[in-house]
Amino acid sequence: MRLPIRLEKCPLIDCIIEVRFDTNIVNSAVFGVIYNQIRSDYPGAVNNLPISQLPEAIRMSDPNLKFKPLYRIEGEKTVIQIGSDVINLSSKMPYIGWEEFSRIAIKVLNKAFDSGAVGRITRLGHRYINFIDHDVTPELAMTFGFDKIGAQSVKSLNIRTSITDGEYINGLTFANDGHYNGKSGSLIDIDTSREYADDYFKGNIEQELFNAHQSEKNLFFSLLKEPLLDSLKPIYNE
């Protein structure tokens, strides 16, 4: 399948790279040690996120809270959030493009590794959320069966599934009743992840980020019928 290099009418509303890790130091010192390495790239104000007010014992014992970031800093083109065992990086919108986004991510991660605070990487997450301002259900290359009630009766559709792609798992969420910036439409949310049992990620940062991105990209474009893809004005390599 020939994939576009970009979409002129890009539907992205959020793009996040998340890395979870085992730490080599005490949890309370992780942010300060990493921040000292990246502060020249993120000179803005450090914002404490609300979850940072919870006691560490509660956060670390609750699986829904354990990997939540505690601090947020805005850069020129990206936003970084750091917790005691997680770093996530998001592109400001409009999306800056994979080439620049991945370059910034690699630089940030290498600096985090150089800090000595980050041990083994346990999980890579790569999440892209797209919003299209109408119901695209008929324009998707996937079908939904409603034999007893009829598809025309389904006004609100929310589908969640996961698709394995080699070492990666793509968590796909589709909703045709989403909302963004006061508009109603369709959300296509793909969360691509891989877990690691060893130190493989550290020696293969660029390739692993690219592979996760490619897995997500392949799935996204496989969902779109040609008229919907054409409406987003794809641009291809010559």
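Further up the page is the structure itself.
All figures in this text were calculated on a predicted structure; none of them were measured in a lab.

Describing the side chain of N130
As for its placement among the helices and strands, N130 is situated in strand β7 (residues 118-132). Ignoring any residue separated from it by four or fewer positions in sequence, one finds N130 in contact with P11, L12, S186, L187, I188 and F220.

Structural notes on the pairing of strand β10 (residues 183-195)
Bridge analysis of β7 against β10 gives ten bridges, and the strand direction is antiparallel. Across the sheet, Y128 pairs through a bridge with I190, a residue of β10. Note: strand β9 (residues 168-180) against β10, ten bridges, orientation antiparallel. When the bridges of β10 are listed, Y180 appears paired with K183. What sits between β9 and β10 in their antiparallel hairpin is a turn of two residues, with N181 showing a positive phi close to 50°.

Comments concerning the packing of aromatic side chains
This structure, assessed with the given rule, holds eight aromatic pairs. Aromatic pair F31 and Y35: ring centres 5.3 Å apart, planes at 10°, arrangement stacked. Separated by four residues within a single helix, F31 and Y35 lie in helix α1 (residues 30-38), roughly one turn from each other. We note that F31, like Y35, is buried.

Side note on the sheet that holds strand β8 (residues 158-165)
Taken together, the nine strands give an open sheet; going across it, the order is β3-β4-β5-β6-β2-β7-β10-β9-β8, and neighbouring strands pair in antiparallel fashion. Edge positions in the sheet fall to β3 (47-48) and β8, since each has one partner strand and no second. As defined by bridge partners, strand β5 (residues 78-82) adjoins strand β6 (residues 86-91) across five bridges and the pair is classed as antiparallel. For I80, the partnering residue across the bridge sits in β6 and is L89. Contacts between helix α3 (residues 98-114) and the sheet are confined to β2 (12-23), β5, β6 and β7, with β6 contributing the most and set at about 155° to the helix. Helix α5 (residues 205-222) contacts β2, β7, β8, β9 and β10 of the sheet and is inclined by roughly 25° relative to β7.

Brief notes about the layout of surface pockets
Of the pockets and cavities examined, the largest pocket occupies roughly 510 Å³. For the lining of the largest pocket, the elements supplying multiple residues, two or more each, are β1 (6-7), β2, β7 and α5. The element that contributes the greatest number of residues to the lining of the largest pocket is α5, accounting for five residues. For the lining of the largest pocket, the per-class residue count stands at 15 nonpolar, three polar and three charged. Taken together, 22 residues line the second largest pocket, and the ones lying closest to its centre are I16, E18, R20, N88 and R127. At the level of secondary structure, the elements contributing two or more residues to the lining of the second largest pocket comprise β2, β5, β6 and β7. Ranked by residues supplied to the lining of the second largest pocket, first place goes to β2 with five residues. Residues of the lining of the second largest pocket, tallied by class, amount to seven nonpolar, six polar and nine charged.

Details of empty space enclosed by the protein
In this structure the tally under the stated criterion is one cavity of 30 Å³ or more. Of the pockets and cavities examined, the largest cavity occupies roughly 40 Å³. Lining the largest cavity, in full, are I17, V19, I87, L89, A105, V108 and L109. Among the elements that make up the lining of the largest cavity, the one with the highest residue count is α3 (three residues). A per-class count over the lining of the largest cavity returns seven nonpolar, no polar and no charged.

Cut-offs and rules
- Residues numbered from 1 in each chain as written.
- Predicted model: local features only at pLDDT ≥ 70, side-chain atom pairs only at ≥ 80, totals over all residues.
- Heavy atoms only, no water.
- Helix = DSSP H or I, 4+ residues; strand = E, 2+ residues; numbered from the N terminus.
- Contact = heavy atoms within 4.5 Å.
- Pairing = 2+ DSSP bridges.
- Phe/Tyr/Trp six-rings, centres within 6.5 Å; stacked < 30°, edge-to-face > 60°.
- Buried < 20%, exposed > 50% of the residue type's maximum accessible area, 1.4 Å probe, protein only.
- Axes fitted to C-alpha atoms, helices over the stretch in contact; angles between N-to-C directions.
- 1 Å grid on protein atoms, 1.4 Å probe; cavity = no way out; pocket = protein on both sides within 12 Å on 5 of 7 lines; lining within 4 Å.
- Points joined across faces, edges and corners; volume = space filled by probe spheres on them.
- Nonpolar A, V, L, I, M, F, W, Y, C, P; charged D, E, K, R; others polar.

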